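# Structural overview
So you can see what is in the structure, the chains are spelled out below.
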Amino acid sequence: MKKSTRYILATAWILVSRSFDAYATWQHTPDLQKEASPLVSVFGLSWLPLLLLLGAVCVYVMYAYYKALFGSYSIFPAEKGMSLSEFAGYVATGRKTPWWKMCVQFPKKAAHLHAYFGHLLVISLSVAGVFSTVMWVLIWTSEGYRSVHSAGLVYGGILVSVCAVYYGWVRRKYRAYAKV
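All values derive from a computational prediction rather than experimental measurement.

### Details of the nonpolar core
Ranked by internal contacts, the top residues of the largest apolar core, which has 39 residues, are Val91, Tyr116, Val122, Tyr166, Trp169 and Val170. Counting residues per element, the ones that place at least two in this core are helix H1 (3-28), helix H3 (47-70), helix H4 (84-93), helix H5 (110-141) and helix H7 (151-179). Broken down by element, this core gets its largest block of residues, 12 residues, from H5. Not counting chain neighbours up to four residues away, the residues in contact with Trp169 comprise Ile75, Phe76, Val91, His119 and Ile123.

Listed below in structure tokens is the structure:
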């Protein structure tokens, strides 16, 4: 798939799914009393600051993804012979390091950080969009789902799915790296 098509589809999905989630949340809890997002439940954001913050995140993700796809900076190593763990660590931090350090280290170069976040956050928001859309459809249509619905179930499912999709993306990139 062409980069421009991938960019348009990914950003359109993020915008549509985030907008749908906001609309459905408004329909379900206009006063945000039932909202489970920590931005509301912990930090107490009301609608305007919440929408401004989420809008800013979406704009940043679209910018970072654009830079990651079309910019000249590559998050992938030039050095050959890295293991999958070292490759994953390099992609996340910009340094040859084991994969688990991606959880505790950030890239030192801003260009690497933006390019990495461009890939990671588009994956994260795309997966969250699938989960929130399916969640709202099930809340509206399934008594069985409503009886088991919880923030832990939704956030846990998103976290596990993002990790699985991200791992698959890193594996595909590693296979391409190892071939050359």
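### Overview of the environment of Met1
Mapping Met1 onto the fold places it in the segment before H1. Taking relative accessible area as the criterion, Met1 reaches 70% and is therefore assigned exposed. In this structure Met1 touches Arg6 and Leu9, once residues within four positions along its chain are discounted.

### Side note on the pattern of salt bridges
Considering all chains together, one arrives at 3 salt bridges under this definition. Between Arg146 and Glu143 there is a salt bridge, with the nearest N and O atoms lying 2.7 Å from each other. Residue Arg146 and its partner Glu143 are both found in helix H6 (residues 143-148); the two are separated by 3 residues, about one turn of the helix. The class of Arg146 is partly exposed, set by a relative accessible area of 36%. Judged by relative accessible area, which is 53%, Glu143 ranks as exposed.

### Some remarks on a nonpolar patch on the surface
Judged by side-chain polarity, Trp13, Val16, Val130, Val134 and Leu138 come together as a nonpolar surface patch covering roughly 390 Å² of accessible area. At the level of secondary structure, the elements contributing two or more residues to the nonpolar patch comprise H1 and H5. With 3 residues, the top contributor of residues to the nonpolar patch is H5. With respect to the helices and strands, the residue Trp13 is situated in helix H1.

Basis of the calculations
- Residues numbered from 1 in each chain as written.
- Predicted model: local features only at pLDDT ≥ 70, side-chain atom pairs only at ≥ 80, totals over all residues.
- Heavy atoms only, no water.
- Core = buried A, V, L, I, M, F, W, Y, C linked by side-chain atoms within 4.5 Å.
- Buried < 20%, exposed > 50% of the residue type's maximum accessible area, 1.4 Å probe, protein only.
- Helix = DSSP H or I, 4+ residues; strand = E, 2+ residues; numbered from the N terminus.
- Contact = heavy atoms within 4.5 Å.
- Salt bridge = Lys/Arg side-chain N within 4 Å of Asp/Glu carboxyl O.
- Patch = residues over 30% accessible without salt bridge, like charges linked within 9 Å, V, L, I, M, F, W, Y side chains within 5 Å.
- Areas by Shrake-Rupley, 256 points an atom, 1.4 Å probe, with all protein chains shown as cover.

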